[in-house]
Amino acid sequence: MHSRSQDETVTVVNRFEVKGSTEKFEREFRDHSHYLRGREDFDFLVTVQLVERPEVIVHFGHWRTMRGFLNTLHDGTFQDHVEKLGPMADTEVDQAVSVARHLKENALVGAETVVLTRARILGDPSHFERRFAATAELFGRLGGFGGSDLLRSVLVPGAYTGVQWWRDGEACERALADSGYTEQVRRMRETADVVVERTRHVAYERGLG
């Protein structure tokens, strides 16, 4: 793996499986999110909660530079937050770069309108990337589509997280039920181990800087 420049963008993906009260965890995590938003080079955050497993919360922290993230990682307040949140959840952490981002409209906060596509590549990554892009093209034709972001892990070879969202629940339901989408998922699974997860959109917030 080549060394990345500290001037490059990075997305930090935290997947939390909360052990106790999700409401308590969310309250504590809001303080952490507010802290992150005030840090230099922090761009925006997205937080979602799995519909079928509400104890699982996924947080995407988008940074304008790797340098900004690393400086924050070693900050005392950040470490204090990690120590406080750590016992409350089992955590998976990844760092990723966007390989295809299309932003049209924001997802509705509180609605079940965000879909995650997690994949581990079995062959040529470009085949999976093209097939994921085909789902975004299909959704765009169906209407109500808010956008798409495909993130490639820089820590786990062959790992991707796709994020797609809709303006409202009806548009999301229509898209996921479309036979064309079913076919595209089948094609993606020819090139990767794929898990599709429907989520509730908890938060979208810009950096304060």
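Further up the page is the structure itself.
Residues numbered from 1 in each chain as written. Predicted model: local features only at pLDDT ≥ 70, side-chain atom pairs only at ≥ 80, totals over all residues. Heavy atoms only, no water.

K.L.:
Which residues make up the nonpolar core, and what values do they have?
P.N.:
One finds F128 and W166 to be the most contacted residues of the largest nonpolar core, which totals 20 residues. Put simply, the parts of the chain that give this core at least two residues each are β5 (114-121), α4 (125-142), β6 (145-153), β7 (159-166), α5 (169-177), α6 (179-188) and β8 (192-206). Looking at this core element by element, the count peaks at five residues for α4. Counting residues in each nonpolar core, the second largest holds 15 residues, with V13, V56, V114 and L151 among its members. (Core = buried A, V, L, I, M, F, W, Y, C linked by side-chain atoms within 4.5 Å. Buried < 20%, exposed > 50% of the residue type's maximum accessible area, 1.4 Å probe, protein only. Helix = DSSP H or I, 4+ residues; strand = E, 2+ residues; numbered from the N terminus.)

K.L.:
Requested: an account of unusual backbone geometry, with residues and values cited.
P.N.:
Look at D41: it is not a glycine, yet its phi comes out positive at around 75 degrees. For D41, the location among the structural elements is in the loop between α1 (22-37) and β2 (42-50). Under the relative-accessibility criterion, D41 is labelled partly exposed at 22%.

K.L.:
Go over the side chain of R37 with me, naming the residues and quoting the values.
P.N.:
On the secondary structure map, R37 appears in helix α1. A polar side-chain atom of R37 sits 2.7 Å from the main-chain carbonyl oxygen of R206. Leaving out residues up to four positions away in the same chain, R37 has contacts with F42, L45, E205, R206, G207, L208 and G209. (Polar contact = N/O pair within 3.5 Å; in protein donor to acceptor, adjacent residues only side chain to side chain. Contact = heavy atoms within 4.5 Å.)

K.L.:
Report on the packing of aromatic side chains, specifying residues and quantitative values.
P.N.:
In this structure the tally under the stated criterion is 12 aromatic pairs. Taking 4.9 Å as the distance between ring centres and 85 degrees as the angle between the ring planes, the aromatic pair formed by F42 and W63 counts as edge-to-face. Separated by 21 residues along the polypeptide, F42 in strand β2 and W63 in strand β3 (residues 56-63) bring together distant segments of the chain. Assigned by exposure class, F42 and W63 land together as buried. Their ring planes at 50 degrees and their centres at 5.7 Å tell us that F44 and Y204 sit as a pair that is tilted. Within this pair, whereas F44 is found in strand β2, its partner Y204 is found in strand β8, the two being separated by 160 residues in sequence. Judged by its relative accessible area of 9%, F44 falls in the buried class. Given the relative accessible area of 29%, Y204 is considered partly exposed. Each member of the aromatic cluster is reached from another via a ring pair, and the members are F139, F145, W166 and Y181. (Phe/Tyr/Trp six-rings, centres within 6.5 Å; stacked < 30°, edge-to-face > 60°.)

K.L.:
Tell me about helix α3 (residues 76-85), and name the residues and values.
P.N.:
Regarding α3, the residues found buried are F78, H81 and L85. The arc that holds every buried residue of α3, seen down its axis, measures 60 degrees, which confines them to one face. Exposed residues lying more than 90 degrees from the buried face of α3 are E83 and K84. The inward-facing, buried residues of α3 contact α1, α2 (66-73) and β4 (89-103). The N-cap residue of α3 is D75: its side-chain oxygen and the backbone nitrogen of T77 are 3.1 Å apart. (Arc of directions from axis to C-beta.)

Such coordinate-based values are descriptive only and should not be taken to indicate function.
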